[in-house]
Amino acid sequence: MKYPHFSLFCFLLLACFQITASSAQEKEIENKIENVLSKMTLKEKIGQMNQINGRNPTDNLYQQIRSGEVGSMLNIGSPELANQLQKIAKKESRLGIPLVIARDVIHGFKTMFPIPLGQAASFNPEIVEIGARIAAKEASEKGIRWTFAPMMDISRDARWGRIAESFGEDTYLSGVMSMAMVKGFQGTDLSNPSSIAACAKHFIAYGATEGGRDYNSTNVTQRQLRNIYLPPFEKSIREANCATVMTSFNANDGIPASGNEFLLRNVLRKEWGFDGVVVSDWGAIKEMVQMGFCEDNKEAAMKGVNAGVDIEMTSGTYLQNIEALLAEGKIQMKTIDDAVRNILRLKFKLGLFDNPYTNLTSKSSIYSQEHLDAAKQAAEESFVLLKNKNNILPLNNKVKTVAIIGPMADAPHDQMGTWTFDGEKVMTQTPLQALKKKYGKDVNFIYEQGLAFSRDTIKSNFSKAIEAAKQADVVLVFVGEEAILSGEAHCLADINLKGAQSELIEELSKTGKPLVTLVMAGRPLTIAKEVESSDAVLYLWHPGTMGGPAVADILFGKAVPSGKLPVTFPKYVGQIPVYYNHDRVGRPADKTETLLNNIPLEAKQSSLGTSSYYLDAGFDNLFDFGYGLSYSTFEYKNLVLSSDSLSQSDVLTVTVDLKNTGNFQATEVVQFYTADLSGSTARPIKELKDFKRINLKPGESKKVEFKLPIAKLAFWDINNNKVVEPGKFTLMVGGNSYELLQKGFTILQ
Ligand code: NOJ
């Protein structure tokens with residue numbers, strides 16, 4: 001570069017200019033907030049804190065908006081209605097404060113992307129951001145400017161239905177993906193009419209729900225909160241400016257999230273500097289009464305307001321009680337004013353004061369080719385190849401007849417997954433349709449469902465399915481769970497395949513034909529037996545609108561699987577909770593221990609094994625975090641560290657040589673873990689710190705580089721301070737969480 005100093009100068013000047021412009025803008029917004037606030041009556045302020053469900057609007061609703069009793073709404077059915085309600089708020093209410101219209105846009109609006117758990121398997125934050133951007137564009141066309149997503153609850157329990165809505169078990173991966181989704185929803189400018197405010201939910205530890213039963217209690221320690229559950233929230237707020245936060249339904253250690261003043265005020269507001277909106281989950285303020293944390297709705301309103309919940313979703317206790325609570329001195333006016341400031345700030349940032357209306361005449365982007373292509377890419381990248389015996393996949397051109405079997409091969413509704421409010425099954429492309437359409441010219445496809453739906457137990461059509469299999473060169477069996485079996489409130493104590501699906505696979509495997517099992521599900525299922533009976537297994541999650549074309553191209557090798565598991569798959573439900581980054585234990589599993597069938601009869605009271613394992617399930621999981629095969633193979637060599645002793649302010653550079661040793665151009669997710677070998681508390685056996693997707697041609701090699709600022713090794717220590725503790729560490733790099741090259745390094749005092 002000819003004038004490096006000049007370029008740097010220009011860059012800094014531009015950065016300074018941008019900072020000054022944005023702080024001037026912020027100041028202007030703060031002035032506007034104070035101006036509106038100064039004119040508001042108490043009733044109007046309380047109204048802003050009231051969110052109501054607009055599913056079935058009545059005349060009373062219009063009157064409430066007119067009199068300033070409603071600040072935001074969710075589930076408004078159409079943009080026309082949204083405009084009509086905005087018009088009442090703007091023109092007929094005393095101060096003309098616009099509403100914010102919200103909806104659960106979780107993994108797509110009309111164009112459905114894979115469920116978030118599937119998106120996490122892509123290890124590709126870029127496609128997650130693109131997906132959220134597309135969802136924002138489509139949703140905002142319909143008047144929606146606020147979504148209740150992303151859900152960033154760490155999920156280590158496959159029984160919990162909402163694991164589908166999560167980014168899995170890992171804190172780092174969830175943080176990166178959450179941030180990407182927030183950026184996608186919010187865009188670079190929240191006031192752009194195609195941007196929607198994101199919501200970091202559920203604050204906090206909701207995924208640790210007891211027994212995997214939704215809405216249950218959690219008992220996560222303060223240190224675990226800090227080290228495991230809070231970081232994705234902190235990242236989304238501090239690094240991606242997430243505009244809102246939702247408190248969760250659960251009480252952690254006896255304190256309901258909506259009444260947790262310490263977390264909401266000290267951590268969220270003071271430590272992280274959050275100046276956005278805190279909204280309760282649906283009815284969660286009132287549910288504090290049911291929990292026995294409050295005597296009645298009035299006390300619940302008091303605790304919610306004082307803890308720092310700005311908006312109450314749907315249960316109306318604020319509207320009914322705040323006035324009296326203020327008069328009794330149980331709530332301070334300043335608390336109300338601050339809450340209203342947060343709400344007005346959101347509305348100003350969204351540009352709603354200037355333009356609350358949705359343009360009904362502009363060209364729609366819904367289901368545009370660009371959106372469908374991105375949804376297909378996301379689906380392709382989300383699939384995880386779990387088994388591929390004798391490289392049966394991809395199917396080659398010797399395959400002339402293929403049997404397509406199973407209840408999920410042509411299930412347009414179910415493949416969209418949980419939280420599909422707006423996606424339409426008529427627009428969904430199923431594997432059956434796509435395979436026939438894309439490859440039907442060269443391949444003869446015979447379709448026999450075998451079972452009508454995932455819970456079906458009627459086996460009368462098995463014989464037809466077996467007959468089809470016998471005529472085929474390869475059998476594809478699509479199994480899994482219907483969309484409704486995962487998601488909110490849809491928890492399971494048994495996560496085996498439902499209905500007679502397992503028997504169907506068994507019968508098909510008896511034909512001796514090469515058997516490919518494809519699983520569409522909202523959670524990890526316990527499928528050890530089915531994996532054993534199949535030659536290949538591809539996990540599809542619920543892949544969304546474009547799942548079919550994505551599967552078709554993967555099966556025929558037009559695309560190569562690259563997904564990796566964002567959650568550990570247990571062999572048995574009894575192994576739950578199960579996750580790769582558990583703390584070190586005093587007696588780690590030693591694979592020489594006795595298993596159930598090796599215990600002698602009348603064995604004397606003795607320690608059969610002295611390590612942490614199950615007599616029946618043994619030591620291992622079915623599949624570990626980070627695992628996933630490709631059609632190609634990769635070799636890792638030459639792990640090099642820039643130094644093996646570092647100080648706290650250093651940045652460690654790590655390189656590894658990655659070679660594509662197979663026959664396909666393919667993408668490998670290179671995973672980078674560290675382990676803190678001893679600390680002031682027991683430390684996880686390893687933790688993901690970074691990852692990269694690397695695409696290589698057959699035979700191609702690349703030096704992959706990671707930078708690890710040592711500050712990234714900080715954790716919340718025995719005194720609940722965030723520190724990097726000096727001592728010995730191990731650094732590991734590889735293609736999953738257990739086959740890793742490793743080297744040691746030391747952090748100096
Ligand atoms: C309850 C769910 O827990 C939450 O995630 C969702 O956003 C709200 N309902 C609104 O539908």
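In this text the structure is predicted, and so the values were computed from the model without any measurement. (Residues numbered from 1 in each chain as written. Predicted model: local features only at pLDDT ≥ 70, side-chain atom pairs only at ≥ 80, totals over all residues. Heavy atoms only, no water.)

1. Some thoughts on the overall build of the chain
- A count of helices and strands for the chain gives 20 helices and 26 strands.
- Taking 2.2 N^0.38 as the reference for a compact globule, 749 residues should give roughly 27 Å; the C-alpha atoms of the chain span a radius of gyration of 27 Å, in line with that estimate.
- On the principal axes, the C-alpha backbone points of the chain span a range of 75 × 75 × 65 Å.
- Taking all 749 residues of the chain together, the buried fraction comes to 59%.
- Put simply, the chain shows about 30,400 Å² of open surface, and 50% of that area lies on carbon and sulfur atoms.
- The positive charge centre, built from 82 side chains, and the negative charge centre, built from 84, are 4 Å apart in the chain. (Helix = DSSP H or I, 4+ residues; strand = E, 2+ residues; numbered from the N terminus. Rg over C-alpha atoms; globule rule 2.2 N^0.38 Å. Buried < 20%, exposed > 50% of the residue type's maximum accessible area, 1.4 Å probe, protein only. Areas by Shrake-Rupley, 256 points an atom, 1.4 Å probe, with all protein chains shown as cover. Lys, Arg positive; Asp, Glu negative; His and termini not counted. Charge placed at Lys NZ, Arg CZ, Asp CG, Glu CD.)

2. Considering the domain arrangement of the chain
- For the chain, the assigned domains are domain 1 (47–103), domain 2 (370–555) and domain 3 (634–747).
- Using only C-alpha atoms to locate each centre, domain 1 and domain 2 end up separated by 43 Å. (Domains from an automatic or database assignment.)

3. Remarks on the packing of aromatic side chains
- Per the stated rule, a full pass over the model turns up 24 aromatic pairs.
- With 6.3 Å between their ring centres and 85° between their planes, Phe203 and Trp272 make a pair best called edge-to-face. Pair noted here: Phe203 is in strand β5 (residues 199–203) and Trp272 is in the loop between α10 (261–271) and β9 (277–279), with a separation of 69 residues, a long-range link. Per residue, the accessibility class of Phe203 equals that of Trp272, and both read buried.
- Pairing Phe623 with Tyr627 gives two aromatic rings, centres 5.2 Å apart and planes at 10°, and the pair type is stacked. As far as the burial class goes, Phe623 and Tyr627 line up, both buried.
- Taken together, the aromatic side chains of Phe123, Tyr172, Tyr580, Phe625, Tyr673 and Phe691 make up a single cluster linked through ring pairs.
- We note Arg156 situated over the ring of Tyr579; from NZ or CZ to the ring centre the distance is 3.5 Å. (Phe/Tyr/Trp six-rings, centres within 6.5 Å; stacked < 30°, edge-to-face > 60°. Lys NZ or Arg CZ within 6 Å of the ring centre and 35° of its normal.)

4. Re the sheet that holds strand β17 (residues 634–641)
- Within the open sheet, the three strands sit side by side as β17-β19-β22. Their pairing is antiparallel. Looking at strand neighbours, the two that pair on one side only are β17 and β22 (701–709), the edges of this open sheet. Neighbour to neighbour, the strand axes of the sheet diverge by 25° on average, direction disregarded.
- When strand β19 (residues 651–660) meets β22, the two strands line up antiparallel, connected through nine bridges. By the bridge assignment for β22, Thr653 is matched with Lys707. (Pairing = 2+ DSSP bridges. Axes fitted to C-alpha atoms, helices over the stretch in contact; angles between N-to-C directions.)

5. Quick word on the site of the ligand
- Neighbouring the ligand are the residues Leu74, Asp104, Phe148, Arg162, Lys201, His202, Met246, Phe249, Asp281, Trp282, Met313 and Glu488.
- Residue His202 places a side-chain N or O atom 2.7 Å away from an oxygen atom belonging to the ligand.
- The side chain of Asp281 places a nitrogen or oxygen atom 2.5 Å from an oxygen atom of the ligand.
- Here the ligand loses 95% of its free accessible area of 290 Å² to cover by the protein chains. (Near = heavy atom within 4 Å. Polar contact = N/O pair within 3.5 Å; in protein donor to acceptor, adjacent residues only side chain to side chain.)

6. Notes on the sheet that holds strand β18 (residues 645–646)
- Pairing is mixed across the open sheet formed by five strands, whose spatial order is β18-β26-β25-β20-β21. Each edge of the open sheet is held by one strand with a lone partner, namely β18 and β21 (687–696).

7. A look at the pairing of strand β16 (residues 536–539)
- Of the two faces of β16, both are covered, the one formed by Ala536 and Leu538 as well as the one formed by Val537 and Tyr539.
- Note: strand β11 (residues 384–388) against β16, four bridges, orientation antiparallel. In the strand pairing of β16, Val384 is matched with Tyr539.
- Across four bridges, the pairing between strand β15 (residues 515–520) and β16 is parallel. In the sheet register, Leu518 faces β16, and the bridge partner there is Leu538.
- Crossover β15 to β16 through helix α19 (residues 528–533) is right-handed. (Right-handed = clockwise from strand over helix to strand, strands pointing away.)

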